[in-house]
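Observations on the model geometry
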Amino acid sequence: MPPSTTISIPTLRSQLSGRVIVPDDPDYDEARRVFVGGIDRHPAVIVRVADAADVASVITLARETGLELAVRSGGHSAVGHGVCDGGIVLDLSDMKAIDIDLDSRTAWAETGMTAAEYSAAAWEHGLATGFGDTGSVGIGGLTVGGGIGYLVRKHGMTIDDVLAADVVTADGDLLRVDADHHPDLFWAIRGGGGNFGVVTRFQYRLHEVPSFVGGLLILPATADVIAGFIAAAEAAPEELSTIANVMPCPPMPFVAEEQHGKLIVLALMAFAGDPEAGERALAPFRALAVPLADMLGPKPYPEIYGPEDDDYHPLAITRTMFVDTIDLPVAETILEHLDASDAAMRVAQLRVLGGQMARVPATATAFAHRGSRIMVNIATFYEGPDDLDRRAAWADGLLAALRQDDCGAYVNFLADEGEERLREAYPGGTWDRLAEIKGRYDPGNLFRLNQNIPPTVA
């Protein structure tokens with residue numbers, strides 16, 4: 001018999017501990033909203049699950065009805081994978097329990113937590129796990145894709161600190177996975193995205209971060225400054241991770257008004273170590289040019305995640321890539337393309353990698369780009385459908401102009417760019433291994449609303 005697409009909402013509510021939200025509920029529109037603007041999808045039902053049993057029930061419902069299943073942690077997918085039209089949204093955002101073991105320096109954390117929430121809880125004990133660059137991102141989606149943030153050079157990627165996980169598979173089974181139990185699935189969920197099940201909890205390694213120096217440094221954007229910044233970041237001690245955004249200066253009150261709209265380097269600096277050593281590491285960057293703003297200094301690690309506006313939902317086109325070098329000619333190319341656009345906001349974000357991230361073998365996790373030196377993320381705002389193609393062409397043009405020998409991509413920042421580009425995120429045997437594991441744990445491709453790896457079924 002074909003699957004039934006009928007859902008009995010009263011029955012569903014009686015079976016689950018979490019909240020069931022339908023179109024008639026007053027908070028339905030807020031519940032279906034995701035971070036990226038321009039996503040206007042209307043699911044049949046949104047379930048804010050309370051526990052792993054709820055997760056298993058929702059997965060079983062999706063399998064039995066044949067309805068599309070969207071899995072949402074923080075809702076920051078660049079293409080809105082956390083919501084669907086006419087299907088079921090499994091929303092983990094109410095699952096925020098965290099259990100910190102100070103003796104083992106580990107934490108079990110539910111995947112509805114955000115990076116900022118987890119970091120604040122861990123920092124109460126002077127501990128941290130590295131996540132991404134935005135505090136409101138859910139740790140679930142971020143971790144299964146990799147996790148490249150403010151501790152990446154010192155302590156590696158988020159997935160490098162994952163010790164175990166609880167995963168509900170497409171069959172509705174709850175599995176504890178680690179290096180000794182279901183090691184193939186454990187390998188796949190560390191970088192392979194949401195293709196293999198719903199992770200309800202991760203066990204993370206915690207690092208001592210007794211002191212931290214960081215914040216915002218804003219410099220004028222010239223080719224010399226950009227190339228010099230990258231050279232300084234590559235030469236810096238591994239305690240320092242940096243994110244340099246080359247972009248028009250927003251109307252920030254702490255930057256002189258005559259600089260607003262001009263191209264700047266808005267740099268986020270994060271030094272996980274002694275404050276005096278941090279000041280020495282930051283000195284070469286301050287020396288590149290007279291800073292337009294210098295907000296660097298000692299602070300609690302969670303403060304690296306700045307305040308966010310809950311009503312901020314940008315209409316943005318994004319692209320991601322790795323490059324081998326950013327020298328003067330490459331820096332000039334970036335500036336030329338930024339100058340050629342009149343978008344309200346456009347940015348080339350530059351992240352020097354290496355350090356501990358690069359010392360992990362490429363085959364240890366499903367993230368295979370351990371040797372990549374620099375990640376570049378391109379973004380541009382657009383105003384609406386009539387503006388979309390022109391802005392996308394600009395982003396693609398800059399991507400093409402910057403392309404070098406490293407053709408890889410980071411799956412967490414990929415847009416809807418087709419299977420060929422997705423395969424560049426999982427090069428060589430990584431794709432084949434992931435497809436085979438997908439075929440064993442999700443042969444029907446229930447978990448397909450993601451950067452999807454079709455199953456290879458024996």
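Everything below is about the structure printed above this text.
First, a word on scope: everything that follows refers to the structure included in this document. (Residues numbered from 1 in each chain as written. Predicted model: local features only at pLDDT ≥ 70, side-chain atom pairs only at ≥ 80, totals over all residues. Heavy atoms only, no water.)

**Quick look at the overall build of the protein chain**
Just so we agree on the cut-off: Put simply, DSSP H or I for four residues or longer makes a helix, DSSP E for two residues or longer makes a strand, and each gets a number counted from the N terminus. Radius of gyration: over C-alpha atoms. The globule rule applied is 2.2 Å multiplied by the number of residues raised to the 0.38 power. Remark: exposure states derive from per-residue accessible area (1.4 Å probe, protein chains only) relative to the maximum for the residue type, with buried under 20%, exposed over 50%, and partly exposed in between. Contacts: residue pairs with any heavy atoms within 4.5 Å of one another. The accessible surface values rely on the Shrake-Rupley method and a 1.4 Å probe; as for residues, cover is taken only from the protein chains in view. All tallies of charge rest on Lys and Arg as positive and Asp and Glu as negative; His and the ends of each chain are not included. Here the site of a charge means NZ on Lys, CZ on Arg, CG on Asp, or CD on Glu.
For the protein chain, the count of helices and strands is 14 helices and 19 strands. For the protein chain, the C-alpha radius of gyration of 22 Å lies close to 23 Å, the compact-globule estimate for 458 residues. With the principal axes as the frame, the protein chain shows a C-alpha extent of 70 × 55 × 45 Å. Within the protein chain, buried positions represent 57% of all 458 residues. Nonlocal contacts in the protein chain, meaning residues at least 24 apart in sequence, comprise 72% of its contacts between residues at least 6 apart. Within the structure as shown, the protein chain displays about 18300 Å² of accessible surface, and the carbon and sulfur contribution to it stands at 51%. Charge separation in the protein chain, taken as the distance between the mean sites of 35 positive and 65 negative side-chain charges, equals 2 Å.

**A few points about the side chain of R153**
Rule in force here: A side-chain nitrogen of Lys or Arg and a carboxyl oxygen of Asp or Glu constitute a salt bridge if their distance falls within 4 Å.
By the element assignment, R153 lies in helix α6 (residues 152-155). Despite its burial, R153 pairs with no opposite charge; the closest candidate is E238, at 6.2 Å N-O. If near-sequence neighbours (up to four positions away) are discounted, R153 is found in contact with A233, E234, A236, P237, E238, L240, S241, V352, L353, G354, G355 and Q356.

**What about the pairing of strand β8 (residues 162-168)?**
A regular strand places its side chains so that they alternate between the two faces of the sheet. Defined as follows: Two strands pair if DSSP finds at least two bridges between them.
Across the 7 residues that make up β8, a large majority, 6, are buried. Pairing of β8 with strand β10 (residues 198-205) involves 6 bridges; the strand directions are antiparallel. In the strand pairing of β10, A165 is matched with F202. In terms of strand pairing, β8 meets strand β9 (residues 174-178) through 5 bridges, oriented antiparallel. Across the sheet, residue V167 finds its bridge partner in β9, namely L175. Turn length for the β8-β9 hairpin, with the two strands adjacent in sequence and antiparallel, is 5 residues, and the turn residue G172 shows positive phi of about 85°.

**As for the packing of aromatic side chains**
For clarity, the cut-off: In summary, the pairing rule links any two rings of Phe, Tyr or Trp, Trp by its six-membered ring, whose centres are within 6.5 Å, and it sorts them by plane angle into stacked for under 30 degrees, edge-to-face for over 60 and tilted for everything else. For a Lys NZ or an Arg CZ to count as sitting over a ring, it must be within 6 Å of the ring centre and within 35 degrees of the ring normal.
Overall, the coordinates contain 12 aromatic pairs when judged by the stated rule. An angle of 45° between the planes, with centres 5.5 Å apart, marks the rings of F202 and Y204 as tilted. On the basis of relative accessible area, Y204 is assigned to the buried category, the value being 0%. Each ring, one from Y410 and one from F413, has its centre 5.0 Å from the other, and the planes form 85°; the classification is edge-to-face. Grouped by ring-pair contacts, the aromatic residues W123, Y150, F212, Y301 and Y305 constitute a single cluster. Over the face of the ring belonging to F186 we find R190, whose NZ or CZ atom lies 3.9 Å from the ring centre. The positively charged end of R201 is found above the aromatic ring belonging to W108, 4.2 Å away from the centroid.

**Focus: the nonpolar core**
Rules: Working definition of a nonpolar core: buried Ala, Val, Leu, Ile, Met, Phe, Trp, Tyr and Cys residues. They are joined through side-chain atoms within 4.5 Å.
Y118 and I189 are the most contacted members of the largest nonpolar core, which totals 64 residues. Setting aside residues up to four positions removed in sequence, I189 forms contacts with T143, V144, A165, V167, V177, F196, V199 and F202. Of all hydrophobic cores here, the second largest spans 47 residues; its members include V225, L263, A348 and V352.

**Quick look at the sheet that holds strand β2 (residues 45-48)**
Inclusion rule: Here the axes come from fitting lines to C-alpha atoms, over the contacting stretch only for helices, and the angles between their N-to-C directions go from 0 to 180 degrees.
The sheet built from 4 strands is open, its strands ordered β1-β2-β4-β3 with mixed pairing. Two strands close off the open sheet at either side, each with one partner strand: β1 (19-21) and β3 (69-72). Shown here is a sheet whose adjacent strand axes are inclined to one another by a mean of 20°, direction ignored. Here β2 runs beside strand β4 (residues 88-91); their pairing, made up of 4 bridges, is parallel. Opposite V47, over in β4, you have L90 as the bridge partner.

**Considerations on the pattern of salt bridges**
Throughout the structure, instances matching the rule amount to 30 salt bridges. Between E419 and R423 there is a salt bridge; the shortest N-O distance is 2.9 Å. In this pair, E419 and R423 are both assigned in helix α13 (residues 419-425), 4 residues apart and thus about one turn of the helix distant. Salt-bridge contacts for R421 lead to E424; the nearest nitrogen and oxygen are separated by 2.5 Å. Of this pair, R421 and E424 both sit in helix α13, 3 residues apart, which is roughly one turn of that helix. You'll find R421 and E424 in the same group, each marked buried.

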